Amino acid sequence: GAGVSQSPRYKVAKRGQDVALRCDPISGHVSLFWYQQALGQGPEFLTYFQNEAQLDKSGLPSDRFFAERPEGSVSTLKIQRTQQEDSAVYLCASSSPRGTETQYFGPGTRLLVL
Amino acid sequence: EDQVTQSPEALRLQEGESSSLNCSYTVSGLRGLFWYRQDPGKGPEFLFTLYSAGEEKEKERLKATLTKKESFLHITAPKPEDSATYLCAVHANSGYSTLTFGKGTMLLVSP
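Residues numbered from 1 in each chain as written. Chains lettered and ligands numbered in written order. Predicted model: local features only at pLDDT ≥ 70, side-chain atom pairs only at ≥ 80, totals over all residues. Heavy atoms only, no water.

(A) Spotlight on unusual backbone geometry. The step from A:Ser7 to A:Pro8 runs through a cis peptide bond, and the omega angle for that step is -10 degrees. Relative to the assigned elements, A:Pro8 resides in the loop between β1 (5-7) and β2 (10-13). In this chain, B:Ser7 is followed by B:Pro8 through a cis amide linkage whose omega measures -10 degrees. If you trace the backbone, B:Pro8 turns up in the loop between β1 (3-7) and β2 (10-14). (Helix = DSSP H or I, 4+ residues; strand = E, 2+ residues; numbered from the N terminus.)

Laid out in C-alpha coordinates, this is it:
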(Lines give C-alpha, C1' and ligand atoms only; values in the text may rest on other atoms or scores of the structure.)
Protein backbone atom coordinates (compact mmCIF):
# COMPACT_ATOMS: atom_id res chain seq x y z
CA GLY A 1 0.00 0.00 0.00
CA ALA A 2 0.96 3.64 -0.14
CA GLY A 3 1.56 4.00 3.58
CA VAL A 4 1.44 2.27 6.94
CA SER A 5 -2.06 1.20 7.91
CA GLN A 6 -3.37 0.23 11.33
CA SER A 7 -6.57 -1.35 12.53
CA PRO A 8 -8.78 -0.84 14.33
CA ARG A 9 -8.49 2.95 14.49
CA TYR A 10 -10.38 3.02 17.77
CA LYS A 11 -10.87 0.35 20.40
CA VAL A 12 -12.82 0.50 23.63
CA ALA A 13 -12.10 -2.35 26.03
CA LYS A 14 -13.35 -3.24 29.46
CA ARG A 15 -10.68 -3.64 32.11
CA GLY A 16 -9.37 -7.20 32.03
CA GLN A 17 -10.22 -7.77 28.36
CA ASP A 18 -7.57 -8.85 25.84
CA VAL A 19 -7.02 -6.70 22.71
CA ALA A 20 -5.11 -7.17 19.46
CA LEU A 21 -3.88 -4.27 17.34
CA ARG A 22 -2.78 -4.78 13.74
CA CYS A 23 -0.15 -3.01 11.65
CA ASP A 24 0.42 -3.30 7.90
CA PRO A 25 3.79 -1.72 7.07
CA ILE A 26 4.85 -0.17 3.80
CA SER A 27 5.47 -2.94 1.29
CA GLY A 28 9.11 -4.05 1.32
CA HIS A 29 10.01 -2.35 4.57
CA VAL A 30 12.17 -4.62 6.66
CA SER A 31 12.01 -2.76 9.97
CA LEU A 32 8.85 -2.34 12.03
CA PHE A 33 8.42 -0.42 15.28
CA TRP A 34 5.65 -0.06 17.85
CA TYR A 35 5.33 3.09 19.97
CA GLN A 36 2.91 4.15 22.70
CA GLN A 37 1.78 7.78 22.86
CA ALA A 38 0.02 9.12 25.94
CA LEU A 39 -2.03 12.29 25.70
CA GLY A 40 0.19 15.35 25.40
CA GLN A 41 3.38 13.29 25.21
CA GLY A 42 5.74 12.19 22.48
CA PRO A 43 5.74 8.59 21.27
CA GLU A 44 7.64 6.11 23.44
CA PHE A 45 9.33 3.03 22.00
CA LEU A 46 7.82 -0.37 22.74
CA THR A 47 9.42 -2.94 20.42
CA TYR A 48 11.33 -3.41 17.16
CA PHE A 49 11.29 -6.11 14.46
CA GLN A 50 13.70 -6.73 11.62
CA ASN A 51 11.79 -9.00 9.27
CA GLU A 52 10.23 -11.64 11.56
CA ALA A 53 12.85 -11.31 14.31
CA GLN A 54 11.98 -9.26 17.38
CA LEU A 55 15.35 -7.65 18.09
CA ASP A 56 14.37 -5.27 20.87
CA LYS A 57 11.42 -5.48 23.26
CA SER A 58 12.93 -3.39 26.02
CA GLY A 59 10.12 -0.82 25.90
CA LEU A 60 7.24 -3.21 26.57
CA PRO A 61 5.85 -2.03 29.94
CA SER A 62 4.88 -5.46 31.29
CA ASP A 63 4.55 -9.12 30.38
CA ARG A 64 0.93 -8.39 29.47
CA PHE A 65 2.24 -6.86 26.23
CA PHE A 66 3.23 -9.17 23.42
CA ALA A 67 4.09 -8.46 19.78
CA GLU A 68 4.66 -10.71 16.79
CA ARG A 69 5.46 -10.50 13.10
CA PRO A 70 5.45 -14.14 12.00
CA GLU A 71 5.96 -13.69 8.26
CA GLY A 72 7.98 -10.51 8.31
CA SER A 73 5.21 -8.24 7.10
CA VAL A 74 2.02 -7.68 9.16
CA SER A 75 2.53 -7.26 12.89
CA THR A 76 0.15 -7.64 15.82
CA LEU A 77 0.50 -6.03 19.24
CA LYS A 78 -1.47 -7.91 21.86
CA ILE A 79 -2.33 -6.62 25.31
CA GLN A 80 -3.67 -9.13 27.80
CA ARG A 81 -5.85 -8.27 30.80
CA THR A 82 -5.98 -4.58 29.87
CA GLN A 83 -5.68 -1.97 32.60
CA GLN A 84 -6.79 1.67 32.61
CA GLU A 85 -3.17 2.81 32.39
CA ASP A 86 -2.93 1.05 29.00
CA SER A 87 -5.20 3.73 27.51
CA ALA A 88 -3.12 5.51 24.86
CA VAL A 89 -2.53 5.76 21.13
CA TYR A 90 -0.49 2.88 19.77
CA LEU A 91 1.59 3.86 16.74
CA CYS A 92 3.27 1.58 14.25
CA ALA A 93 6.14 2.71 12.02
CA SER A 94 8.17 1.04 9.31
CA SER A 95 11.45 1.80 7.62
CA SER A 96 13.85 0.34 5.11
CA PRO A 97 17.43 -0.33 6.19
CA ARG A 98 18.59 1.23 2.96
CA GLY A 99 19.17 4.99 2.82
CA THR A 100 18.06 7.29 5.60
CA GLU A 101 16.24 4.77 7.84
CA THR A 102 13.44 7.29 8.14
CA GLN A 103 10.48 5.83 10.03
CA TYR A 104 7.06 6.33 8.47
CA PHE A 105 4.15 6.19 10.86
CA GLY A 106 0.63 4.86 10.59
CA PRO A 107 -2.42 6.74 11.88
CA GLY A 108 -2.39 4.87 15.18
CA THR A 109 -4.95 2.92 17.19
CA ARG A 110 -6.58 4.86 20.00
CA LEU A 111 -7.23 2.45 22.89
CA LEU A 112 -9.53 3.37 25.73
CA VAL A 113 -9.79 0.98 28.68
CA LEU A 114 -12.82 1.49 30.89
CA GLU B 1 20.27 7.73 28.63
CA ASP B 2 19.20 9.63 25.52
CA GLN B 3 17.11 12.72 26.24
CA VAL B 4 15.21 15.18 24.06
CA THR B 5 13.71 18.41 25.39
CA GLN B 6 11.52 20.64 23.26
CA SER B 7 10.59 24.24 23.93
CA PRO B 8 8.28 25.98 24.14
CA GLU B 9 5.55 23.45 25.00
CA ALA B 10 3.04 25.61 23.15
CA LEU B 11 3.33 28.60 20.84
CA ARG B 12 0.67 30.87 19.46
CA LEU B 13 1.52 33.03 16.44
CA GLN B 14 -0.32 35.42 14.20
CA GLU B 15 -0.33 34.55 10.51
CA GLY B 16 2.90 35.85 9.00
CA GLU B 17 4.71 36.08 12.37
CA SER B 18 7.95 34.10 12.03
CA SER B 19 9.40 32.13 14.96
CA SER B 20 11.57 29.16 15.93
CA LEU B 21 11.03 25.95 17.85
CA ASN B 22 13.88 24.45 19.87
CA CYS B 23 14.97 20.84 20.37
CA SER B 24 17.82 20.19 22.82
CA TYR B 25 19.25 16.71 22.94
CA THR B 26 21.66 14.53 24.90
CA VAL B 27 22.65 11.37 23.10
CA SER B 28 25.51 8.89 23.10
CA GLY B 29 26.53 9.63 19.54
CA LEU B 30 24.00 11.15 17.16
CA ARG B 31 23.11 9.08 14.14
CA GLY B 32 20.29 11.34 13.02
CA LEU B 33 17.83 13.95 14.26
CA PHE B 34 14.29 13.85 12.90
CA TRP B 35 11.48 16.39 12.79
CA TYR B 36 7.88 15.25 12.45
CA ARG B 37 4.56 17.07 12.26
CA GLN B 38 1.52 15.56 13.99
CA ASP B 39 -2.04 16.71 13.41
CA PRO B 40 -4.76 15.82 15.95
CA GLY B 41 -5.89 12.22 15.62
CA LYS B 42 -3.16 11.34 13.12
CA GLY B 43 0.24 9.72 13.16
CA PRO B 44 3.48 11.72 12.93
CA GLU B 45 4.32 12.89 9.41
CA PHE B 46 8.00 12.98 8.46
CA LEU B 47 9.51 16.40 7.71
CA PHE B 48 13.33 16.33 7.91
CA THR B 49 16.37 14.31 8.87
CA LEU B 50 19.61 16.04 9.91
CA TYR B 51 22.85 14.13 10.38
CA SER B 52 25.66 16.49 11.30
CA ALA B 53 26.24 19.88 12.93
CA GLY B 54 25.88 22.73 10.47
CA GLU B 55 23.43 20.90 8.26
CA GLU B 56 20.27 22.72 7.16
CA LYS B 57 17.17 21.54 5.29
CA GLU B 58 14.19 23.49 3.95
CA LYS B 59 10.66 22.67 2.91
CA GLU B 60 8.24 25.44 2.01
CA ARG B 61 8.01 27.71 5.08
CA LEU B 62 10.06 25.40 7.31
CA LYS B 63 13.81 25.26 7.80
CA ALA B 64 15.59 22.89 10.17
CA THR B 65 19.10 23.46 11.49
CA LEU B 66 21.41 21.37 13.66
CA THR B 67 24.23 22.06 16.12
CA LYS B 68 26.06 19.62 18.41
CA LYS B 69 23.53 20.20 21.21
CA GLU B 70 20.30 21.38 19.63
CA SER B 71 18.16 21.75 16.56
CA PHE B 72 15.87 24.57 15.53
CA LEU B 73 12.79 24.47 13.35
CA HIS B 74 12.34 27.92 11.87
CA ILE B 75 8.89 28.81 10.58
CA THR B 76 8.81 31.76 8.18
CA ALA B 77 5.56 33.66 7.61
CA PRO B 78 3.39 30.84 8.96
CA LYS B 79 -0.14 30.16 7.79
CA PRO B 80 -3.06 28.70 9.78
CA GLU B 81 -2.51 25.34 8.06
CA ASP B 82 0.89 25.12 9.76
CA SER B 83 -0.93 24.64 13.07
CA ALA B 84 0.09 21.23 14.46
CA THR B 85 2.32 19.60 17.06
CA TYR B 86 5.95 19.42 15.95
CA LEU B 87 7.95 16.50 17.30
CA CYS B 88 11.72 16.15 17.45
CA ALA B 89 13.39 12.73 17.77
CA VAL B 90 16.94 11.41 17.90
CA HIS B 91 18.45 8.19 16.65
CA ALA B 92 21.55 7.25 18.63
CA ASN B 93 24.55 5.30 17.43
CA SER B 94 24.08 2.75 20.18
CA GLY B 95 21.40 0.09 19.98
CA TYR B 96 18.98 -0.41 17.16
CA SER B 97 17.12 2.11 15.05
CA THR B 98 14.69 3.21 17.74
CA LEU B 99 13.80 6.88 18.06
CA THR B 100 13.71 8.87 21.30
CA PHE B 101 11.11 11.63 21.04
CA GLY B 102 10.58 14.91 22.83
CA LYS B 103 7.14 15.88 24.09
CA GLY B 104 6.54 18.18 21.15
CA THR B 105 5.65 21.83 20.61
CA MET B 106 2.01 22.59 19.91
CA LEU B 107 1.85 25.43 17.38
CA LEU B 108 -1.30 27.46 16.76
CA VAL B 109 -1.30 30.01 13.95
CA SER B 110 -4.20 32.44 14.00
CA PRO B 111 -5.46 34.20 10.86
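Moving on from the model shown.
(B) Examining the interface of chain B and chain A more closely. Across the contact, 20 residues belong to chain B and 22 residues belong to chain A. Of the roughly 1600 Å² buried between chain B and chain A, counting both surfaces, carbon and sulfur atoms make up 54%. Viewed at the interface, chain A and chain B are joined by zero salt bridges. Between chain B and chain A we count four residue pairs in polar contact (both at pLDDT 80 or more) in total. Taken together, the elements giving at least two residues each to the side of chain B that touches chain A come down to β4 (30-38), β5 (45-50) and β9 (84-92) of chain B. The biggest single contributor to the side of chain B that touches chain A is β4(B), with four residues. Looking at the side of chain B that touches chain A residue by residue, the class counts come to nine nonpolar, eight polar and three charged. (Contact = heavy atoms within 4.5 Å. Buried area = accessible area lost by both parts, 1.4 Å probe. Salt bridge = Lys/Arg side-chain N within 4 Å of Asp/Glu carboxyl O. Polar contact = N/O pair within 3.5 Å; in protein donor to acceptor, adjacent residues only side chain to side chain. Nonpolar A, V, L, I, M, F, W, Y, C, P; charged D, E, K, R; others polar.)

The values reported here are purely geometric and, on their own, carry no functional implication.
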